[in-house]
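A closer look at the structure
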Amino acid sequence: MAGARLSVSVSRLFRRLEPLFSSRHYCSLASPCAVSYSQYGEPSKVLRFLTDVDVPDVQDDQVSVRMLAAPINPADINMIQGVYPIKPPLPAVGGNEGVGEVVSVGSQVSDLQPGDWVIPADSGWGTWRTHAVCPASELRKIPNDIPLESAATLAVNPCTAYRMLTDFQHLQPGDTIVQNGANSGVGQAVIQIAAARGLVTINVVRNRPDRSSYFELEMYLKGLGGHYVITEEGLRRQDFRDIFKRLPRPKLALNCVGGKSATEILRHLETGGTMVTYGGMSRQPVTVPTGSLIFQDIKVVGYWMTQWNKRQRDSQESSEMLYTLCDYVRQGKLQAPSNVQVPISDYMAAINSTRDAFSTKKQILTMSS
């Protein structure tokens, strides 16, 4: 599978994709390469590592980008499986998030120049490749003075965390929030951004097979700025309820798990609080007690970063969000999730690691040695 060559006909077919590919170290003979699929299904069955893809000339409104790094997110896998709301035209390139460096620009492009770092403006762009040629409008410029792993993982998880902490409750320093899936990429970003704003976080994680691995995770999340780390089973214990004798009840609950976990964090919200659901890792429905809606005025809403970007991608609000997040990175208040950097040719091993239920490290594909 790795190193498979494109036939001329398939190569022409790939020209239908606006972004295309180029060469880097891990492609055989330094040829253009990418991780692609021509049908939806299990990644191990449908993904191919392609080389020798034709690279078109840069047109007047286009830029040529050398990809630097791209993470693997659960949504990327769902998209390949065909179960994600966005289904890119086939054949497609894997990956929704990543960072690249501008190599050259067309004559009509004025807001980008060689050396700039850029990220995709929309989902489904296809970041698991070494090079792309695309309209400049499909990219957003970001500062190139932040760590590579922070730039590569900026667009999805930190932005999701930022918006959820900003858009659903008017939070002030000292306010409390509760979240499940706290060791996820979004969860880690929530902890750090909340700490930067003076918010108290209660962070719920699944129990680990052994005490040492749980203690290691607990120390890691507290090191990011988390105040409390607790297992889902611990949510139901009296000693957890006792913390609200010294803390205000949460105004905001962030749910990426669903099922019983979502119901439990919702029960601890103060009157008028909001639970935001942005994922469903348990694949169980969110169940809300009727009394919470009627007597406590609890609001239950959903959030999808892709939808927000469609409405706001060119807005001042979006620019301010990216500026603030990059400033947090520079100040040391926001670091990339704990990660492992993997050559793009080892994409399948990285995907398998991402699917490990107890994995705490983000897999980031790198395009150079």
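For the structure itself, consult the block above.
These notes cover the structure that comes with them. (Residues numbered from 1 in each chain as written. Predicted model: local features only at pLDDT ≥ 70, side-chain atom pairs only at ≥ 80, totals over all residues. Heavy atoms only, no water.)

Counting 41 residues, the largest nonpolar core has Val99, Leu165, Ile193 and Leu325 as its most contacted members. Contributing elements (two or more residues each) for this core: β4 (62-71), β7 (117-120), α4 (148-152), α5 (157-167), α6 (185-196), β13 (252-255), α11 (305-312) and α12 (316-330). Each residue touching isoleucine 193, except ones within four places of it in the same chain, is listed here: Pro158, Ala161, Tyr162, Leu165, Leu325, Tyr328 and Leu334. Of all hydrophobic cores here, the second largest spans 35 residues; its members include Met79, Val102, Ile344 and Tyr347. (Core = buried A, V, L, I, M, F, W, Y, C linked by side-chain atoms within 4.5 Å. Buried < 20%, exposed > 50% of the residue type's maximum accessible area, 1.4 Å probe, protein only. Helix = DSSP H or I, 4+ residues; strand = E, 2+ residues; numbered from the N terminus. Contact = heavy atoms within 4.5 Å.)

On to a nonpolar patch on the surface. On the surface, a cluster of nonpolar side chains totalling about 480 Å² of accessible area is made up of Val286, Leu293, Ile294, Phe295 and Val300. Mapped onto the elements of the fold, leucine 293 is located in helix α10 (residues 290-294). (Patch = residues over 30% accessible without salt bridge, like charges linked within 9 Å, V, L, I, M, F, W, Y side chains within 5 Å. Areas by Shrake-Rupley, 256 points an atom, 1.4 Å probe, with all protein chains shown as cover. Salt bridge = Lys/Arg side-chain N within 4 Å of Asp/Glu carboxyl O.)

Position of valine 118 among the secondary structure elements: in strand β7. With 40 residues separating them in the primary sequence, valine 118 and proline 158 have C-alpha atoms 16 Å apart. Those residues in contact with valine 118, other than ones at most four positions away along the chain, are Val65, Gly98, Val99, Gly100, Val102, Leu112, Leu139, Arg140 and Lys141.

Moving on to the side chain of arginine 163. Mapped onto the fold, arginine 163 is located in helix α5. The contacts of arginine 163, once residues within four sequence positions are left out, are Phe168, Tyr303, Met305, Trp308, Glu317 and Met321.

Position of cysteine 33 among the secondary structure elements: in strand β2 (residues 33-37). Separated by 316 residues in the primary sequence, cysteine 33 and alanine 349 have C-alpha atoms spaced 17 Å apart.

Let's shift gears to the sheet that holds strand β15 (residues 299-302). Within a sheet, neighbouring strands are paired by backbone hydrogen bonds and run either parallel or antiparallel to one another. Within the open sheet, the six strands sit side by side as β12-β11-β10-β13-β14-β15. Their pairing is parallel. Looking at strand neighbours, the two that pair on one side only are β12 (228-231) and β15, the edges of this open sheet. Taken pair by pair, the neighbouring strands of this sheet meet at an average axis angle of 20°, ignoring direction. Relative to strand β14 (residues 274-277), β13 runs parallel, the two sharing four bridges. Along β14, the bridge assignment pairs alanine 253 with methionine 275. Packed onto the sheet, α6 meets β10 (176-179), β11 (200-205) and β13 and runs at close to 170° relative to β10. (Pairing = 2+ DSSP bridges. Axes fitted to C-alpha atoms, helices over the stretch in contact; angles between N-to-C directions.)

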